[in-house]
Amino acid sequence: MNNIKHIHEVIFLVEKNNAQWTPEELVTAIGDTWGEDIHFGACSGTAFPKEYALDFLLNRQKVVLSEEGKIALHPSMQICDGHEEFENN
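Overview of the structure. (Residues numbered from 1 in each chain as written. Predicted model: local features only at pLDDT ≥ 70, side-chain atom pairs only at ≥ 80, totals over all residues. Heavy atoms only, no water.)

### Thoughts on the overall build of the protein
Helix and strand counts for the protein stand at three helices and five strands. Reading the protein from its N terminus to its C terminus gives the helix and strand order β-α-α-β-β-α-β-β. Within the protein, buried positions represent 40% of all 89 residues. Sequence-distant contacts in the protein: of pairs separated by 6 or more residues, those separated by 24 or more amount to 59%. A total accessible area of about 5,400 Å² is found for the protein, and carbon and sulfur atoms account for 46% of it. (Helix = DSSP H or I, 4+ residues; strand = E, 2+ residues; numbered from the N terminus. Buried < 20%, exposed > 50% of the residue type's maximum accessible area, 1.4 Å probe, protein only. Contact = heavy atoms within 4.5 Å. Areas by Shrake-Rupley, 256 points an atom, 1.4 Å probe, with all protein chains shown as cover.)

### Some words on the sheet that holds strand β1 (residues 4-6)
In spatial order, the strands read β1-β2-β3; together these three strands make up an open sheet with mixed pairing. Unpaired on one side and paired on the other, β1 and β3 (48-49) mark the two borders of the sheet. In terms of strand pairing, strand β2 (residues 39-41) meets β3 through two bridges, oriented antiparallel. Opposite Phe 40, over in β3, you have Phe 48 as the bridge partner. (Pairing = 2+ DSSP bridges.)

### Focus: the nonpolar core
In a soluble, globular protein the nonpolar side chains are often hidden away together inside. In this structure, Ile 7, Val 10, Leu 26, Ile 30 and Phe 40 are the most contacted members of the largest nonpolar core, which totals 21 residues. For this core, the secondary structure elements donating two or more residues are α1 (8-16), α2 (23-34), α3 (53-59) and β5 (71-73). Sequence-distant contacts of Phe 40, that is, excluding residues within four places in its chain, are made with Lys 5, His 6, Ile 7, Val 10, Ile 30, Trp 34, Thr 46, Ala 47, Phe 48, Lys 50 and Ala 53. (Core = buried A, V, L, I, M, F, W, Y, C linked by side-chain atoms within 4.5 Å.)

### Describing the pattern of salt bridges
Applying the stated criterion across every chain, the model contains three salt bridges. With a shortest N-O distance of 3.9 Å, Glu 25 and Lys 70 are connected by a salt bridge. Remark: Lys 70 occurs in the loop between β4 (63-65) and β5 and Glu 25 occurs in helix α2; sequence separation between them is 45 residues. A salt bridge links Glu 51 to Lys 50, with the shortest nitrogen-to-oxygen separation between them at 2.9 Å. What makes Glu 51 partly exposed here is its relative accessible area of 44%. Residue class for Lys 50 comes out buried when judged on its relative accessible area of 5%. Connected through shared salt-bridge partners, Glu 36, Lys 50 and Glu 51 make up one network. (Salt bridge = Lys/Arg side-chain N within 4 Å of Asp/Glu carboxyl O.)

### Side note on α2
For α2, built from 12 residues, the straight-helix expectation of 16 Å at 1.5 Å per residue is met to within 8% by its first-to-last C-alpha distance of 17 Å. What α2 keeps buried is the set Leu 26, Ala 29, Ile 30, Gly 31 and Trp 34. (Expected span 1.5 Å × (residues − 1).)

Everything listed is a geometric property; what it means functionally is a separate question.
Below is the structure:
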């Protein structure tokens, strides 16, 4: 498994397209952006496939689903220390 990014990259992708995607569209956008074999790691834990990225972010209150079923950043979302430099990529 060589194609690994930090999960914060998905947060930045959502931020750029805030409230435009359904969960299925996010998975497609992730594959289109980084490849179908992409896995994500977090500050702790092992890497997981793109299909689990949304659940990971929802469980940690980084994103929310709107009433219309679109993904948006959680209003109080904060990125853990040490990863802010990715925001401009």
